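This is what each chain is made of:
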Amino acid sequence: MFSAGQSCWFVRKVICWRAAASIAWTVLLLPPTTAVFVILSRFSPLHPIQTLSECVSFMGTASGIFSFILLCGVTTMVGFLIFEYYTVIPTVACSKIALLGQLLHPRHVANSLLHCVMGIIVAWCAAVTIGGRYEVLGYPCGLSDGPPQVCLNEYHLILLLAGAFVGFSHTLFGVVHNMNYVSFHTVQQYKYLRFKGSLPLVVKCSATQALYSIRNYIVAYFFLGYIPREWICKMFNLHVTSSSHLLDTIGGLLDLSLLYHLWISATFLLFTWYIALLLFRIFITEDYSFPVQSSFTEDVRQCLPRVLSDPQPAILKFLALQDLALLSQHSPLRRGEVFSLSQPGGHPHNWNAISKECQSLLTDLTQRLVAYHDSVATNGRAKSLSSGSELKTSSGSSSVSSGVEDLISPRPTSFLVKTPGSVFARTAPSPLTAPFTPPILDSPFASPGLRRLTAPVDQGSPWHGAVQSPHVMRRAPRLWSTSTDSQSNSSPQLCAAPAPTPKQEAPQPSLLAQFLHNRKEQIKIFLSKRVLVAYLFNKLPEASSEALFADSQAHIWALEGLSYLVQASFSEDHFGVVQTTLPSILSCMLLLQEAVDRHFKLPHASTKPVRTAGGMGELAYKTLRFALRAALKTAIYRITTTFGDHLNAIDMSAEHRKRLQHFLHYKE
């Protein structure tokens, strides 16, 4: 993300300085953290005064100062890697194979190697700090009558390998639990209060994660510890004496002092890294106030209406939407600038740009929900586009796709489903992150018969919408339709069947192509029956729904900003600029509310948020869909309670008016 947003003024002037400030505070907090580690690693309950004096004297030695300098360098590098890999839109793996692809991605492999090296450096500093039998890798062990030899100190080696293992486990844990995801807190707090409130959680997570990592490391070293030991001995020409006790045995690993020093070193490593991550999250998510309008041309790009229309970087868009939500609630002066007219001309450019961008965000989400619902049947299986259940709509209802097209400019007839990441990047979804495909049709093991059954039928064919006889004609679907006609034309579909159009005969595939295609399908069917393959390719529960709403924090802010501005316009909008767009805003919200309700009625979509255990991994994206549903209903109620019966004068469709009456009478 750092390289992608280099050219953005906001990254250079704001984000980079915030990241530098978080790294600086992490380095400033390193001396007290190191002092606590020195005391805990050298503390002796029988000689407490002597232990404290030794700790103070060690901090002034050359080895102690050099270790601290190395720790500062590692901390700075960790902060830079956090800045490089952070994201405000989480990557949700919809299957085990997708998660495996994330783990084997070259960027993640490089990140893991860097953390392993930094873990070794921190472990060496911890070994020098602890001293005693952990201080050096080799020690002289030659006999008096023989040549001098250097023997391997396995206690030092096991501590260094523990640092590498904890560093690798940290990156693995980060990918699985989306630790590079930066979420925004609902309640705004000062940075000091946020840090103070999160500090006990950091200590708890560091100690707990270190305990699990050391447990796994002990098991791995018991079975594979001889491999690095022999390799180190050959590389550095070290010897293993027969009198020394090997540590890859049960007796060697059950040393309580060794286990304590391994655990306290791993806790110190993870604590310093988690502090860097916590401070980065606090600084990067701090609210930023954008000017609503400017008198200078060179500052126009930094104004809120212009910033909202910039797709990249995503952090800029999120902070702009957060600022919009805050100003709409707490800043009457800035709200007045939003409602103001341009001079000369008298046009509401600020309000038009802000409302257009917010409605575009809500429309994109509505389109994604419609496309997702059209690709999944109510029983969780792939459905045909001419399903009879989709045709049972009232004659007065209008298509959601048609309503969406009324709010935005005309689009091509080919419907492109966007992933949450592509809402801001404007790029096509990648295979690993596109969850909005049928669970069966999207699988590479779908049978050819199922594909033929679920293939869309040409509307000009007499078999379109057939029930039992090819001569029975059904009307085209109107509500929740994915037909190209309903997307390209915003008018409701007529009940009459479309006129047949001449079809061009498709070229017949060659015998070789047909043979290869059949063999390919047979291989897919064969592999789909294997347990391991099905385990890797099956969709994870709730993953598709979580990925669908992964960027919903932006939509929540857009809803809050629009609804609060509309509410304030009742008494503050002296020129009536909001009233011109109030019908489209209400229609956009009602369409999204219908799409969200339809999504939560799917069998695989849970209706209650799942409780998540507290940790450093950001799991807020798992409950974003529930927060969006609550924010959407609250936004509509905020408008209806403010305007009341005045909304009856707004021109809208009969279906929307009926749904709006439910909100006016508090029946939703």
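Everything numeric here is computed off the predicted structure, so don't read it as measured data. All residue numbers refer to positions counted from 1 along the written sequence of the respective chain. pLDDT decides what is reported in this predicted model: residues at 70 or higher carry local features, side-chain atom pairs at 80 or more are listed and counted, and totals for whole chains, interfaces and linings draw on all residues regardless. The basis for the side-chain values is all heavy atoms of the structure; hydrogens and waters are excluded.

Observations concerning the pattern of salt bridges
We count it as follows: Salt bridge criterion: a side-chain nitrogen from Lys or Arg within 4 Å of a carboxyl oxygen from Asp or Glu. Counting from the N terminus, the helices are DSSP H or I runs at least four residues long and the strands are E runs at least two residues long. Burial classes follow relative accessibility: with a 1.4 Å probe on protein chains only, a residue under 20% of its type's maximum area counts as buried, one over 50% as exposed, and anything between as partly exposed.
If you walk through the whole model with that rule in mind, you get twelve salt bridges. Between arginine 334 and aspartate 323 there is a salt bridge, with its nearest N and O atoms 2.8 Å apart. Here arginine 334, found in helix α14 (residues 332-339), pairs with aspartate 323, found in helix α13 (residues 314-330); they are eleven residues apart in sequence, far enough to count as distant. Assessed through its relative accessible area of 16%, arginine 334 is described here as buried. Taking the shortest distance from any N to any O, the salt bridge between glutamate 572 and arginine 335 comes out at 2.8 Å. Separated by 237 residues along the polypeptide, glutamate 572 in helix α23 (residues 552-572) and arginine 335 in helix α14 bring together distant segments of the chain. What makes glutamate 572 partly exposed here is its relative accessible area of 24%. Each member of the salt-bridge network shares a partner with another, and the members are Glu154, Arg229 and Asp248.

Here's the deal with the packing of helix α8 (residues 191-224) against helix α11 (residues 256-284)
Applied cut-off: Axis definition: a line fit to C-alpha positions, over the contact stretch in the case of helices; interaxial angles, taken between N-to-C directions, run 0 to 180 degrees. In this scheme, a crossing is called left-handed if the near helix is turned counterclockwise away from the far one by less than a right angle; it is called right-handed if the turn is clockwise. All amino acids are sorted into three groups, where Ala, Val, Leu, Ile, Met, Phe, Trp, Tyr, Cys and Pro are nonpolar, Asp, Glu, Lys and Arg are charged, and the leftover types, Gly among them, are polar.
Viewed as axis vectors pointing N to C, α8 and α11 meet at an angle of 145 degrees, and their least axial separation amounts to 7 Å. In this structure, the crossing between α8 and α11 has a hand that is right-handed. When the residues that make up the contact of α8 with α11 are grouped by side-chain class, the tally is 22 nonpolar, four polar and three charged.

Here we look at a positive patch on the surface
Put simply, the rule is: Patch membership is restricted to residues that have no salt bridge and whose relative accessible area is over 30%. Joining uses 9 Å for like charges and 5 Å for the nonpolar side chains Val, Leu, Ile, Met, Phe, Trp and Tyr. Note on areas: Shrake-Rupley, 1.4 Å probe, and residue coverage restricted to the protein chains presented here. Charged-residue counts in this description rest on Lys and Arg as positive and Asp and Glu as negative, His and the chain ends being excluded. Charge positions are represented by NZ for Lys, CZ for Arg, CG for Asp and CD for Glu.
On the surface, a cluster of positive charge is made up of Arg12, Lys13, Arg301 and Arg306. Relative to the helices and strands, lysine 13 resides in helix α1 (residues 9-28).

Overview of the state of the cysteines
So the rule is basically this: We call a pair of cysteine sulfur atoms a disulfide when they lie within 2.5 Å.
Counted according to the given criterion, the structure contains one disulfide. As a non-bridged cysteine, cysteine 8 has cysteine 16 as the owner of its nearest cysteine sulfur, 9.8 Å distant.

A word on the packing of aromatic side chains
Going by this rule: Pairing of aromatic side chains requires ring centres within 6.5 Å, counting the rings of Phe and Tyr and the six-membered ring of Trp. Pairs whose planes differ by under 30 degrees are stacked, by over 60 edge-to-face, and all others tilted.
Taken as a whole, this structure holds 23 aromatic pairs when the rule is applied. Judged by centre distance (6.0 Å) and plane angle (10 degrees), the ring pair of phenylalanine 83 and tyrosine 86 falls under stacked. A centroid spacing of 6.1 Å and a plane angle of 80 degrees characterise the contact between phenylalanine 318 and tryptophan 557, whose relative ring orientation is edge-to-face. With phenylalanine 318 in helix α13 and tryptophan 557 in helix α23, this pair connects stretches of sequence that are 239 residues apart.

Description of the confidence of the model for the protein
What counts here: Known as pLDDT, the predictor's per-residue confidence is scaled from 0 to 100. By the convention used here, residues are in contact when the closest approach between their heavy atoms is within 4.5 Å.
Looking at the protein as a whole, its pLDDT mean stands at 80, while 77% of the residues score no less than 70. Within the protein, α11 carries the highest mean pLDDT (96), whereas helix α19 (residues 484-488) carries the lowest (39). Scored below 50 in pLDDT, residues 1-6 makes twelve contacts in the model with residues more than four places away or belonging to other chains. Contacts from residues 378-500, a stretch scored under 50 in pLDDT, to residues over four places away or in other chains number 212 contacts.

Side note on the nonpolar core
The condition is simple: Residue types Ala, Val, Leu, Ile, Met, Phe, Trp, Tyr and Cys, when buried and joined through side-chain atoms within 4.5 Å, form a set referred to as a nonpolar core.
Counting 137 residues, the largest nonpolar core has Phe10, Phe290, Leu324, Trp351 and Met589 as its most contacted members. With 19 residues, α11 is the largest single contributor of residues to this core. The contacts of methionine 589, once residues within four sequence positions are left out, are Leu559, Leu562, Ser563, Leu632, Ala635, Ile636 and Ile639.

Details of the side chain of glutamine 593
Within the element layout of this structure, glutamine 593 appears in helix α24 (residues 582-600). Residue contacts for glutamine 593: discarding those within four places in its chain leaves Leu632, Lys633, Ile636, Arg659, Phe663 and Glu668.

A look at the environment of histidine 555
Looking at the element boundaries, histidine 555 is found in helix α23. According to the relative accessible area criterion, histidine 555 is buried, its value standing at 0%. Counting along the chain gives 192 residues from histidine 555 to threonine 363, while the straight-line C-alpha distance between them is 9.9 Å. If sequence neighbours within four positions are ignored, histidine 555 has contacts with Leu361, Leu362, Leu365, Arg368 and Leu628.

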